[in-house]
Every structure is written in structure tokens, then in C-alpha cells.
Amino acid sequence: KRIGNSLDQETPAVRFHDVGGLDNLKEIIRMKIVKPFINPGLFDRFRKKTGGGILLFGPPGCGKTYIAKATAGECNAKFIPVHITDILDPYLGMSSQNIKDIFANARAKKPCILFFDEIDTVGYNRSKLSSEHMRPIVDHLLAEIEGIDSSTDKLLIIGATNMPWDVDSAFKRPGRFDKTVFVPPPDEAARISIFKLKLAGRPVETIDYELLAKATELYSGADIDNVVEVATENVIHEILSSGKERPISMKDLSDAITSTKPSTIEW
Ligand code: ATP
């Protein structure tokens, strides 16, 4: 069974400086994950407990997967995304085998970060999935997670969800996903830095980043990425038909903003 995307299993080139905003979250991850990972001796000498994973929650497109990848980049570790469909199989025996395979694959690839997306879909709090069927799967997954000795295994877990209230409480106990952190929609300052990151290296006229940020309230990082893509595509289109090259202007970006909608509105 294919687990994750093979490209994703490389050490990601993304680092914290590629993630706009989320300064608190970066600090939490630095202390809980990155520092113990790259400096286990110090934590050991001070008998400081390490291990356990982080559960990221928040609206879609605001950087949960992106910061998890950047964490792997900071740790110089591979990034292995695991989706519910990599685990669940109509045959219980196969689900169990999938879980074994996922952790065996991770151990073979360490140092690495296992990223469990939509962790809310595994567990008992979801009526649409039979609790009976889920129990052994959850227990097996928890046993594997608790079997990780992060100092010697060089294997870390990060979970993500849009629906923290649906996450099985068993996942949130100590030694499991024991720290839950909100990944908020970007505020104005964060939107400025996301625009700067996404426009970096592209030919641009003078850009009023503050104005762009003010015009994109409730836009997620993914929405801003899309705005920049739309503006760029339109400019390239124009250049191809006119034969005259010009940089991306404020007007191109404003038009792209007008033609798109924020996606975090309902959060
Ligand atoms: P979902 O809940 O839908 O899985 P998510 O929170 O995991 O969403 P990401 O996949 O991390 O969202 O974000 C999608 C894309 O949006 C990223 O690949 C990145 O290009 C961009 N993005 C989101 N947030 C940020 C940010 N804070 N800084 C820079 N880029 C961002």
C-alpha cells in the first residue's frame, strides 16, 4: 500500500521563515519539538520530559500542513503525511496491517515526522463511523504512538484537524497528542508577510503590502497564495497575447482579490 506521497517523504525544503505569521506557534514547536529533536542531550541532562505530539487545529488553508512540513525542515527530518484512507480498510485485519506498515515505514525512514491529517476522523466521537469498528483501530494506533521513544526513535508525530471537538479524547492524553494548539487565520501583519513570501522573486511594481493585507480580511494563507497565482496568471496571459512584458502591479493584485473570496468566513 502506498503511504503518503513519495516526494513528501524527502526532507522538506520549507523552513519556519517560509511560514508567514504564527510566531507563537513557531515558538511552541521550537521548544516542544525542534530543540529536543536536535539537542536531546540537554533535555536528558535536565531530566526534562520530552515526547508526545502536537495537535494543530484551525480553519482550512491556514498553514497546519505547511508548518508541520516546516517543522520537519527545521529538524532536518523527513515528512510523512498519513491520511485516514491510508489506515482504514473494510477489513479490520488490513487496517491493523496498515498501521503496522505506517510505523515500520516511519522507523525505516527516521529521522522523520509522521503527520496525521484529519485525525478527527479516527475515533469514537463520530457517529457516522461505527464505534465498534473503530475501537481496535484506535487502540492499535495509540499503542504505536505510545511505543515511540522520541529521543531514541527520532520519530515525531503531529496531528491536524478542522474539528478539534470531534477528536477522540483518548488521543489527547499525555504521551499522545498532548498539546493542542490553535492555528488561526492570519491577522493583518501575518497577511503582509504571507503576501511578501508569495510575491518574493516575481517581477513586481511597487507594492503596498499594507493595503493588500487590509483588503484581505478573513483570507487564509491558501487564499492569499491563490490571489497571487491568479494575478500572476492574468499578467502572463496578457504578456503572451500582447508580446509586451511588464511586472505584476497593485491593480493586478486588487483585481485578483475582487475576483476571489475569503474561505475562513464561517470559522
Ligand atoms: P487543511 O485543514 O485544509 O488541511 P491546512 O491548514 O493544512 O489546511 P495548508 O495545507 O498548510 O493548510 O496550507 C495550504 C497552502 O496555503 C500552503 O501550501 C501554503 O502555500 C499556503 N499557506 C497557508 N498558510 C500559510 C502561512 N501562514 N504562510 C505561508 N503560506 C501559507
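The following paragraphs examine the structure supplied in this document. Not measured: the values here are computed from a predicted model. Within each chain, residue numbers correspond to sequence positions counted from 1 in written order. Per-residue local features are limited, in this predicted model, to residues with pLDDT of at least 70; the limit for side-chain atom pairs, both in listing and counting, is 80 or more; totals at the level of whole chains, interfaces and linings are taken over all residues. Side-chain measures were taken over the full set of non-hydrogen atoms in the model, leaving aside hydrogen atoms and water.

## Regarding the pairing of strand β3 (residues 112-116)
(1) Moving on: The element β3 is largely enclosed, with a buried count of five among its five residues.
(2) Moving on: Residues of β3 alternate between two faces, with C112, L114 and F116 on one and I113 and F115 on the opposite face, all of them buried.
(3) Moving on: Two strands are counted as paired when DSSP detects at least two bridges linking them. Numbering of helices and strands runs from the N terminus, with a helix taken as a DSSP run of H or I at least four residues long and a strand as a DSSP run of E at least two residues long. Bridging between strand β2 (residues 78-82) and β3 involves five bridges; their strand directions are parallel. Looking at the pairing, F79 lines up with I113 of β3.
(4) Moving on: Relative to strand β4 (residues 155-161), β3 runs parallel, the two sharing five bridges. Bridging from a neighbouring strand, L114 pairs with I157 of β4. Under the scheme applied here, a residue whose accessible area is under 20% of the maximum for its type counts as buried, over 50% as exposed, and between as partly exposed, the area being computed with a 1.4 Å probe on protein chains only.

## Some thoughts on the site of the ligand
(1) Moving on: The cutoff for a nearby residue is simple: one of its non-hydrogen atoms must lie within 4 Å of the molecule or strand. The local shell around the ligand holds 17 residues, among which G20, G61, K64, T65 and Y66 are the closest.
(2) Moving on: Here C62 contributes a backbone N or O atom positioned 3.3 Å from an oxygen atom of the ligand.
(3) Moving on: Expressed as a share of its isolated accessible area of 640 Å², the protein-covered part of the ligand is 79%.
(4) Moving on: Split by residue class, the shell around the ligand holds seven nonpolar, six polar and four charged. What qualifies as a polar contact is a pair of N or O atoms within 3.5 Å, subject to a donor-acceptor requirement within protein and to the restriction that residues adjacent in sequence count only when both atoms come from side chains. Each accessible area is a Shrake-Rupley result for a 1.4 Å probe, and residues are judged covered by the shown protein chains and nothing else. The residue classification treats Ala, Val, Leu, Ile, Met, Phe, Trp, Tyr, Cys and Pro as nonpolar and Asp, Glu, Lys and Arg as charged. All others, Gly included, are polar.

## Here we look at the sheet that holds β2
Strands in a sheet are paired, the pairing made by backbone hydrogen bonds, and the direction either parallel or antiparallel.
(1) Moving on: Read across the open sheet, the five strands follow the order β2-β3-β4-β1-β5; overall the sheet is parallel. Each edge of the open sheet carries a strand with a single partner, namely β2 and β5 (179-182). Ignoring strand direction, the axes of neighbouring strands in this sheet form an average angle of 25 degrees. Here, axes are lines fitted to C-alpha atoms. For helices the fit covers the stretch in contact, and angles between N-to-C directions go from 0 to 180 degrees.

## Brief notes about the packing of helix α8 (residues 188-199) against helix α10 (residues 221-242)
(1) Moving on: As a packed pair, α8 and α10 sit with axes 10 Å apart at the nearest point and diverge in direction by 40 degrees. Put simply, α8 runs oblique to α10. In the crossing of α8 with α10, the sense of the turn from one axis to the other is right-handed. Contacts between α8 and α10 involve R191, I194, F195, K198 and L199 on the former and, on the latter, G221, I224, D225, V227 and V228. By definition in this entry, angles of less than 35 degrees are roughly parallel, angles greater than 145 are roughly antiparallel, angles of 65 to 115 are roughly perpendicular, and the rest are oblique. Helix crossings get a hand from a simple test, with the near helix turned counterclockwise from the far one by less than a right angle marking a left-handed crossing and a clockwise turn marking a right-handed one. Only heavy atoms matter for contacts: two residues are in contact if any of them lie within 4.5 Å across the pair.

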